[in-house]
Each structure stands twice: as C-alpha cells, then as structure tokens.
Amino acid sequence: MKDVVLRLLEERGVKVTDIAQIVAELCGPDDVPLEECVRSVETVIGKREAQHAILTGIALDVLAERNGLPEPLNAIVRRDEPLYGVDEILALGITNLYGSVGLTSFGYLDKRKLGIIGKLNSHRSGQVHTFLDDLVAGIAAAAAARVAHQRAGVGPSGPDRQAASG
Ligand code: MG
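Computed from a prediction, not measured in an experiment: that's the story for all the values here. (Residues numbered from 1 in each chain as written. Predicted model: local features only at pLDDT ≥ 70, side-chain atom pairs only at ≥ 80, totals over all residues. Heavy atoms only, no water.)

## With respect to the overall build of the protein
- The helix and strand tally for the protein stands at ten helices and zero strands.
- For the protein, the N- to C-terminal ordering of α and β elements is α-α-α-α-α-α-α-α-α-α.
- Here the protein holds 166 residues, and 42% of them are scored as buried.
- The contacts of the protein with a sequence gap of at least 6 include a subset with a gap of at least 24, amounting to 71%.
- A total accessible area of about 8,500 Å² is found for the protein, and carbon and sulfur atoms account for 53% of it. (Helix = DSSP H or I, 4+ residues; strand = E, 2+ residues; numbered from the N terminus. Buried < 20%, exposed > 50% of the residue type's maximum accessible area, 1.4 Å probe, protein only. Contact = heavy atoms within 4.5 Å. Areas by Shrake-Rupley, 256 points an atom, 1.4 Å probe, with all protein chains shown as cover.)

## So, the nonpolar core
- Judged by nonpolar contacts, the single largest core of 49 residues is most densely connected at V41, I94 and V136.
- Here the element with the most residues in this core is helix α9 (residues 132-151); it accounts for twelve residues.
- Not counting the four nearest positions on each side in its chain, V41 is found in contact with V16, I19, A20, V23, I139 and A143. (Core = buried A, V, L, I, M, F, W, Y, C linked by side-chain atoms within 4.5 Å.)

## Concerning helix α3 (residues 34-45)
- Between the first and last C-alpha of α3 there are 16 Å, a value that for twelve residues agrees with the 16 Å anticipated at 1.5 Å per step.
- All buried positions along α3 are accounted for by E36, C37, V38, S40, V41, V44 and I45.
- Taken together, the buried residues of α3 touch α1 (2-11), α2 (16-27), α4 (48-65), α6 (86-95) and α9. (Expected span 1.5 Å × (residues − 1).)

## Thoughts on the coordination of the magnesium ion
- Surrounding the magnesium ion are the protein donor atoms D87 (OD), T130 (O), D133 (OD) and D134 (OD), which sit 2.1 to 2.7 Å from the metal.
- Written as a sequence motif, the donor arrangement for the magnesium ion is D-x42-T-x2-D-D.
- Take T130: its relative accessible area is 0%, and that puts it in the buried class. (Donors = N, O, S within 2.8 Å, 3.2 Å for Na, K, Ca; no water.)

## Observations concerning the packing of aromatic side chains
- For the coordinates displayed, the defined rule picks out one aromatic pair.
- Seen in terms of ring centroids, Y84 and F131 are 6.1 Å apart; in terms of plane orientation they differ by 80°. Their pairing is edge-to-face. Here Y84 is found in the loop between α5 (73-79) and α6, whereas its partner F131 is found in the loop between α8 (116-121) and α9, with 47 residues between them in sequence. (Phe/Tyr/Trp six-rings, centres within 6.5 Å; stacked < 30°, edge-to-face > 60°.)

Next comes the structure, spelled out in structure tokens:
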C-alpha cells in the first residue's frame, strides 16, 4: 500500500523530497541532513494510519475537483472554506503518531505554508488540494517529531524506544 500512496502523492504534485525539505527546515538549528529527513518521511508514510488518512484526503480532493461530492460539501471543499477544519483534523491523525511535539510544527506550517504546502494552497490550474496541503503538513510535522525523538539520545533500551523507532 505504501507504493500506491507514494505514487498517488506524486500524481498530485508532491514528492518525498518536497516534504523532506520542510522537515529539514522544521529541524532548523539541528541541521539534519536531507537523507535523514527523507528516511523519516518514508517511515511516516509507511504507517497504516498515515496511509489511510492520505488515501481518504486525496480521494475527497479528487472528488471535489470532479464535482463528485454531494452539496453543500462539494462547494465547501472546492473553496477550501476557512471555517471548514476537517482537513486539519484528518491530518492531525498523522502528526499525532509521534506525540504532541508535532502539534507545534503543524500549527506553524498551517500559518507559514512552507515550500510545497504554499504551492498546493494556491490552488492553481483548477486543482483542489484542500486536504493535501494539510496532509503534507501533517506528514512533515510527524517526520520532524520522529527525528527529534531519535536525536534525543535515546538508547536501544531507553524508555522512549517505541516512540523513536519505527
Ligand atoms: Mg487545507
């Protein structure tokens, strides 16, 4: 299923490296190499919870694009109405995979719309990315939280092993 999700993301204009660049920026002063960020993004996308959220969100975007959702939902999703927050709620399911440290990053990305998130949010060429921009923010926030957990110097027998690995 991971391959399907990765292909779907690419079809919608998002590459793993696009998300990894945001992760690197979130990690900021820690100066995390891009390859480590790529690995972290791939690990997050490898989780079933993340895959389900991505599949669901992109399906809703695509349906809205084709005017295939019932009204008034179709118009709400197409317009990306500011008071419609289900896209953020779905994406938070991914962010929360690595604990509450991801929440701050997610909020930051929602405001600042770094990199590919800003491009998706501008809704060019008639495409609908109401869910996808938040999903990308959710993946990036989770991947950055994962890096932070791993870099906290937790050894293989440490109490946070489960949070840091996988
Ligand atoms: Mg959105």
